[in-house]
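Per-entry structural report
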Amino acid sequence: PKKVLIDCDPGIDDALAIAFAHGRPELELVGLTTVAGNVGLAHTTNNARCLAEFYGMDVPIAAGADRPLVREGVLADQVHGGNGLGGVVLPAAATPVVDRHAVDFLIDELAAAPGQISLLAVGPLTNIALAVRKEPRIVEWAREFVIMGGSYTRGNRTPAAEFNVLADPEAAAVVFDAGWRTTMIGLDLTAQARATADVRDRFAVLGRLESELLSPILDFYGRHPHYREHGPAVHDACAVAYALDPGLFTTVPARVDVEIHGRFTSGMTVTDFAAPAARHNAEVATVLDTERFWDRLLEAFSHVATG
Ligand code: BDR
Ligand code: CA
């Protein structure tokens, strides 16, 4: 299987992404690292631990940065609930986090398996930026680097900026400038992955996974004004889908620069599809094969389903 390491801030769609990765035999989840984002670090880390236990996973979890590099933290608790899981309280987790900072954990994992691990970032990019600064060789060691973040049209948290980039624009700028080719799965793409009523109907066969987790968290998530009309976009799950099968995506090479100074545009991912090839630093996802995406995700969830 392909090794993946997910840096995350669970988070409702993060929870789906983790289940997706765990449920696919083609992927081997080598670790979860947590960062402050949707909610504070204590919540994101606790959620990662509880989700891992609920899904029956045996995976190391390392806690990372509790605030952005430069700015005050911003939360998305109005989207994900005060505890990050729409108020769902899972049974307490017994397994502790590993005794290492997420930044060291991810550097060590990448160093131990150069060219083998897909690094997926689905929260603010603080941990990844710190890791790039501490050990620049991770840029070569990662098999690929995929983020859920940014947009080439409009934002969600502000008109210009997507939440993960808006939350720590300086970190995002470091990451896009690091010298690897970032695959950017932004809002333009993830808007094509909405848990519509038809999709939700297909979850009905998933037992406790559906009744105790998916149903209540997606009900909560779907009540947000952004999602009421067309259904909630399961953003972070798209990054896992890319690691699983890039053939589900159309991507276009581009230059992406992160705005860190704008009064109204801070956190914008300024995407230049017309840039000369020598300046390209990203593959930007534009089109998702939505039908096959949900088939793959449903199949994964059926492997995770309990009772
Ligand atoms: C991103 O922001 C978070 O709220 C979600 O978990 C996702 O990673 C979408 O903009
Ligand atoms: Ca997230």
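Residues numbered from 1 in each chain as written. Chains lettered and ligands numbered in written order. Predicted model: local features only at pLDDT ≥ 70, side-chain atom pairs only at ≥ 80, totals over all residues.

Focus: the packing of helix 1 (residues 12-23) against helix 13 (residues 290-304)
Axis separation between helix 1 and helix 13 bottoms out at 8 Å; the angle between their running directions is 80 degrees. Relative to helix 13, helix 1 is oriented roughly perpendicular. Of the residues in helix 13, those touching helix 1 at Ala-19, Phe-20, His-22 and Gly-23 are Leu-297, Ala-300, Phe-301, His-303 and Val-304. Here the residues of the contact of helix 1 with helix 13 are counted per class, giving 6 nonpolar, 3 polar and no charged. (Axes fitted to C-alpha atoms, helices over the stretch in contact; angles between N-to-C directions. Helix = DSSP H or I, 4+ residues; strand = E, 2+ residues; numbered from the N terminus. Parallel < 35°, antiparallel > 145°, perpendicular 65-115°, else oblique. Contact = placed C-beta atoms within 7 Å. Nonpolar A, V, L, I, M, F, W, Y, C, P; charged D, E, K, R; others polar.)

Some thoughts on the environment of Thr-158
Tracing the backbone through its elements, the reader meets Thr-158 in the loop between strand 5 (144-148) and helix 7 (163-167). Since 16 C-beta atoms lie within 10 Å of it, Thr-158 is described here as partly exposed. Separated by 137 residues in sequence, Thr-158 and Asp-295 place their C-alpha atoms 32 Å apart. Ignoring anything within four residues of it in the chain, the contact list for Thr-158 reads Leu-166 and Gly-267. (Buried ≥ 20, exposed ≤ 12 C-beta atoms within 10 Å, placed from the backbone.)

A word on the site of ligand 1
Residues in close proximity to ligand 1 total 15 residues, the closest being Gly-11, Asp-13, Ala-76, Phe-163 and His-235. Contributing elements (two or more residues each) for the shell around ligand 1: helix 1, helix 7 and helix 12 (235-244). Across the shell around ligand 1, the residue classes break down as 5 nonpolar, 6 polar and 4 charged. (Near = placed C-beta within 6 Å.)

Observations concerning the packing of helix 1 against helix 12
The geometry of helix 1 relative to helix 12 is characterised by a closest axis approach of 6 Å and an angle of 25 degrees between their N-to-C directions. As far as their axial angle goes, helix 12 and helix 1 are roughly parallel. When you trace helix 1 past helix 12, the crossing you get is right-handed. Of helix 12, the residues touching helix 1 (which contributes Asp-13, Asp-14, Leu-16, Ala-17, Phe-20 and Ala-21) are His-235, Asp-236, Ala-237, Ala-239 and Val-240. (Left-handed = near helix turned anticlockwise from the far one by under 90°.)

Digging into the UniProt feature "domain: Inosine/uridine-preferring nucleoside hydrolase" (unreviewed entry) in the protein chain
Annotation from UniProt places "domain: Inosine/uridine-preferring nucleoside hydrolase" (unreviewed entry) at residues 4-295. Secondary structure over residues 4-295 splits into 37% helix and 17% strand, and the C-alpha atoms at its two ends are 20 Å apart. (UniProt positions renumbered as here; feature names shortened; annotations may be inferred.)

Brief notes about helix 12
Where burial is concerned, most of helix 12 is hidden: 10 out of the 10 residues are buried. Listing the buried residues of helix 12 in full gives His-235, Asp-236, Ala-237, Cys-238, Ala-239, Val-240, Ala-241, Tyr-242, Ala-243 and Leu-244.

Overview of the sheet that holds strand 5
One open sheet holds the 9 strands; their spatial order is 3-2-1-4-5-6-9-7-8, and the pairing between them is mixed. On the outer flanks of this sheet lie strand 3 (61-63) and strand 8 (269-272), each paired with one strand and no other. Direction aside, neighbouring strands of the sheet carry axes that sit 30 degrees apart on average. Of the strand pairs in this sheet, strand 7 (residues 249-258) and strand 9 (residues 282-288) are connected by 6 bridges, and their pairing is antiparallel. By the bridge assignment, Ala-254 is partnered in strand 9 with Ala-282. (Pairing = 2+ DSSP bridges.)

Some remarks on the pairing of strand 8
Here strand 8 shows a buried face lined by Thr-269 and Thr-271 and an unburied face lined by Val-270 and Asp-272. Judged from the 4 bridges that link them, strand 7 and strand 8 form a sheet pairing that is antiparallel. For Val-256, the partnering residue across the bridge sits in strand 8 and is Thr-271.

Re the nonpolar core
By size, the foremost hydrophobic cluster in this structure holds 109 residues, and its most contacted members are Ile-6, Ala-17 and Ala-239. Discounting chain neighbours no more than four positions away, the residues touching Ala-17 are Ile-6, Cys-8, Val-122, Asp-236, Ala-237, Ala-239 and Val-240. (Core = buried A, V, L, I, M, F, W, Y, C linked by C-beta atoms within 7 Å.)

Let's talk about the confidence of the model for the protein chain
Caution applies to low-pLDDT parts of the model: their predicted coordinates are not meant to be read in detail. In this model, the protein chain carries a mean pLDDT of 97, and residues with pLDDT of at least 70 account for 99%. Mean pLDDT per element in the protein chain: helix 3 (residues 77-80) is the minimum at 93, and helix 5 (residues 126-134) is the maximum at 99. Among the scores for the predicted complex, ipTM is 0.99 and pTM is 0.98. (pLDDT = per-residue confidence, 0-100.)

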